[in-house]
Amino acid sequence: MRPAARIALLIIGIAIAAYGTASLTGGWLGTPPWWEQPHPLGIISLDRIESGEVRLTKDDAFEPRPGRTAVSIGAATSGLALAAFGAWPRRRRERVA
């Protein structure tokens, strides 16, 4: 494998591992797409306006996805495996003259 490809695998693997770890430790890189799912009904509330009218509003609500920690652990471990594959030392082939 060419050294440039190995360096690319190493960088991509570290990035995936960092994103998976960040999602497990409080989402300091943002909420990952597999962490929450929209609630099918949302939150429906009745608001009373100053004029006395009642208005029905619907807000988007999110609920935790089942198995979200397993996906984060899988992302972190696959990133580490990819980084290890990219960083693994390779033997040079001897060229026959």
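Sequence order as written defines residue numbering, which begins from 1 separately in each chain. Per-residue local features are limited, in this predicted model, to residues with pLDDT of at least 70; the limit for side-chain atom pairs, both in listing and counting, is 80 or more; totals at the level of whole chains, interfaces and linings are taken over all residues. Each side-chain value is worked out from all heavy atoms of the structure, with water and hydrogens disregarded.

Mind laying out the overall build of the protein, listing which residues take part and the relevant values?
Going along the chain from the N terminus, every DSSP run of H or I of four or more residues is numbered as a helix, and every run of E of two or more is numbered as a strand. The number of helices and strands found in the protein is 2 helices and 4 strands. Of the regular secondary structure in the protein, the N- to C-terminal order runs α-β-β-β-β-α. When burial is assessed residue by residue, the protein has 19% of its 97 residues classed as buried. Sequence separation of 24 or more characterises 60% of the internal contacts of the protein that already satisfy a separation of 6 or more. Using the Shrake-Rupley algorithm and a 1.4 Å probe, accessible areas are obtained, with residue cover drawn only from the displayed protein chains. Within the structure as shown, the protein displays about 7800 Å² of accessible surface, and the carbon and sulfur contribution to it stands at 61%. Think of it in three bands: residues with accessible area under 20% of the maximum for their type are buried, residues over 50% are exposed, and the middle band is partly exposed, with areas taken using a 1.4 Å probe on protein chains only. Whether two residues are in contact is decided by their heavy atoms, any of which lying within 4.5 Å being enough.

Quick rundown of the environment of Thr 69? Include the residues and the values.
Looking at the element boundaries, Thr 69 is found in helix H2 (residues 68-87). For Thr 69, a relative accessible area of 42% puts it in the partly exposed group. Taking the C-alpha atoms as reference points, Thr 69 and Trp 34, 35 residues apart in sequence, are found 9.2 Å from one another. Beyond its immediate chain neighbours, meaning those up to four positions away, Thr 69 contacts Leu 24 and Trp 35.

Describe the side chain of Ser 23, naming the residues involved and giving the relevant values.
One can find Ser 23 in helix H1 (residues 3-24). Among the residues examined, Ser 23 registers a relative accessible area of 4% and is labelled buried. What Ser 23 contacts, discounting residues up to four positions off in sequence, is Pro 32, Trp 34, Trp 35 and Ser 72.

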